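# Notes for the structure review
Given next are the chains, with one letter for each unit.
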Amino acid sequence: MASGKGAFTFLKNADSKLYEILMREVSREDYTLELIASENFVSYPILEMAGGVMTNKYAEGYPGARYYGGCEHVDEAENLARDRAKQLFNCEYVNVQPHSGSQANMAALMTFIKVGDTIMGLDLAHGGHLTHGSPVNFSGKLYNVVSYQVSRETGRVDFTEVRKLAKEHKPKLVICGGSAYPRHIEFEQFREIADEIGAFLMADIAHPAGLVATGLHPSPMPYCDVVTTTTHKTLRGPRGGMIMMGKDVENPWGVVAPKSGRTKMVSELLNSTVMPGIQGGPLMHIIAAKAVAFGEALEPKFKLYTQEVVNNAQAMADALLSKDYQLVSGGTDTHVILIDLTNKDVTGKAAEKALEKAGITVNKNMVPFDQRSPFITSGMRVGTPAITTRGMGKDEMNRIVDLIDDVVADVENAATIKRVKAEVKVLCESFPLYQELHN
Ligand SMILES: *Cc1c(COP(=O)(O)O)cnc(C)c1O
């Protein structure tokens, strides 16, 4: 994509150093296989909006109620982002301002519970996210955390354990969802348990959001009090976060509006937690780019894309299984595959390094009950959203698994790595990125 005649000429003239760095990243994205499950490639129109002049605008507040003048156009963009998100996820409330998934989670937690309250989330080593109670994260520092795990036999959430822990520790809020969970999130079963102990249920659909939007993954809306997501994973939008509620309700904590004494809606409290609670000025260029992405996701083409993402993950899982790779939970329902490398006699760290040298980008990942540290790990996570965006299909999935297997079988073999890297380049050239830059 670097060959485009007019592309980035202003940057090139103004700051050649940064231009060169950008071109190296352009070429890395072009010529490597992106298998990181949380990554994707946005469309060129989204890039244009995200790289546009709305980055200049201060717009603290919400559409129609800003602390700054000159917000009429960014208001239109934010309103469209909200309307499209509501339609996409069939929900009554959305806040498109969180700068990231982590900030969406922080805002949801700070709205629904108090510092020191008990939360329950999926153990990081079992597929959870840092913000679900890891001790190194705000969630683990501000709240009392009880982690649940997956079952050793099935690799799926162990609901016997979840129920037992819930009854014993009475968390105020339960988080479902994760970053390395290959199966559908079991919203209904979590709701049952949350109801038994009177807890709030929060779903974090950062990973499967695109599949939720197109009906390929169950919707959390009927079951969860609050739903958070990122916009840049399977949803294929710009990097950012979002908070939703299927239904907006009066807040159960008795918070009233100062003058009228009216009981506030939960939506009002969520909005104030995001701004002024934890953020200042919203990233209006990114919010406008979210609107463009949601518009794309509402098109029939996007449903075909997400179906292909899932088909590709299943093809890849089958190919891996046929080469005696062990998959946590035995396979996948989504875009994520978690490979346990223990029987291959290689660590996640070594596999990630060797594959990176061969032009295949994956991330090392803990597997449930991992004996190794998070820096070494016994597993790796792969995903199909990015390579599916390039247009790759089942044949390529089989080819990619062959290449992965060649490297993993002998991570020290420089000749193999070199050969695979050349093959990866040829494969990538057949599925070019950002052709808009090639004219
Ligand atoms: C990616 C992810 C997030 C956080 O997103 P950031 O934008 O990186 O902060 C939160 N929750 C889950 C489950 C995720 O996978």
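Data block above holds the structure.
Residues numbered from 1 in each chain as written. Predicted model: local features only at pLDDT ≥ 70, side-chain atom pairs only at ≥ 80, totals over all residues. Heavy atoms only, no water.

## Notes on the sheet that holds strand S12 (residues 336-340)
With respect to topology, four strands assemble into an open sheet ordered S11-S12-S15-S14, the strand pairing being antiparallel. Looking at which strands have only one partner, the edges of the open sheet turn out to be strand S11 (326-327) and strand S14 (363-365). Relative to strand S15 (residues 379-383), S12 is paired through five bridges, and the arrangement is antiparallel. Pairing of Asp 340 across the sheet is with Gly 379, part of S15. Sheet contacts for helix H12 (residues 300-322): S11, S12 and S15; angle to S12, the most-contacted strand, approximately 15 degrees. (Pairing = 2+ DSSP bridges. Helix = DSSP H or I, 4+ residues; strand = E, 2+ residues; numbered from the N terminus. Contact = heavy atoms within 4.5 Å. Axes fitted to C-alpha atoms, helices over the stretch in contact; angles between N-to-C directions.)

## Section: unusual backbone geometry
Residues other than glycine predominantly adopt negative phi, and peptide bonds predominantly adopt the trans conformation. Geometrically, the link from Met 275 to Pro 276 is a cis peptide bond, its omega value of 10 degrees lying close to zero. Among the structural elements, Pro 276 can be located in helix H10 (residues 266-278). In the Ramachandran plot, Lys 170 falls in the positive-phi region, its phi being about 45 degrees despite a non-glycine side chain. Of note, Lys 170 is situated in the loop between helix H7 (159-169) and strand S7 (173-176). Lys 170 sits in the exposed class, given a relative accessible area of 51%. (Buried < 20%, exposed > 50% of the residue type's maximum accessible area, 1.4 Å probe, protein only.)

## So, the pattern of salt bridges
Once the charged atoms of two side chains with opposite charge are near each other, the side chains can pair. Scanning the model with the defined rule gives 20 salt bridges in all. Among the ionic pairs, Glu 78 bridges to Arg 66, the shortest N-O distance being 2.8 Å. Taken together, the positions of Glu 78 in helix H4 (residues 72-89) and Arg 66 in strand S3 (residues 65-66) put the pair 12 residues apart, joining distant regions of the chain. The buried category is assigned to Glu 78, whose relative accessible area is 0%. On the basis of relative accessibility, which here comes to 15%, the residue Arg 66 falls in the buried class. With a shortest N-O distance of 3.6 Å, Lys 172 and Asp 117 are connected by a salt bridge. (Salt bridge = Lys/Arg side-chain N within 4 Å of Asp/Glu carboxyl O.)

## Things to note about the site of the ligand
Surveying the vicinity of the ligand reveals 13 residues, the closest of which are Gly 101, Ser 102, Ser 179, Asp 204 and Lys 233. For the ligand, an oxygen atom lies 2.9 Å from a polar atom in the backbone of Gly 101. Taking 380 Å² as the accessible area of the ligand by itself, protein coverage stands at 86%. If one sorts the elements of the shell around the ligand by residue count, helix H5 (residues 101-112) sits on top with three residues. Of the residues that constitute the shell around the ligand, the class distribution is one nonpolar, 10 polar and two charged. (Near = heavy atom within 4 Å. Polar contact = N/O pair within 3.5 Å; in protein donor to acceptor, adjacent residues only side chain to side chain. Areas by Shrake-Rupley, 256 points an atom, 1.4 Å probe, with all protein chains shown as cover. Nonpolar A, V, L, I, M, F, W, Y, C, P; charged D, E, K, R; others polar.)

## A word on the sheet that holds strand S5 (residues 118-122)
Taken together, seven strands build an open sheet; the order of strands is S4-S10-S9-S8-S7-S5-S6 and the sheet is mixed. Unpaired on one side and paired on the other, strand S4 (93-95) and strand S6 (144-148) mark the two borders of the sheet. Direction aside, neighbouring strands of the sheet carry axes that sit 20 degrees apart on average. Along the sheet face, helix H8 (residues 187-197) touches S6, S7 and strand S8 (200-204) and points at about 155 degrees away from the line of S8.

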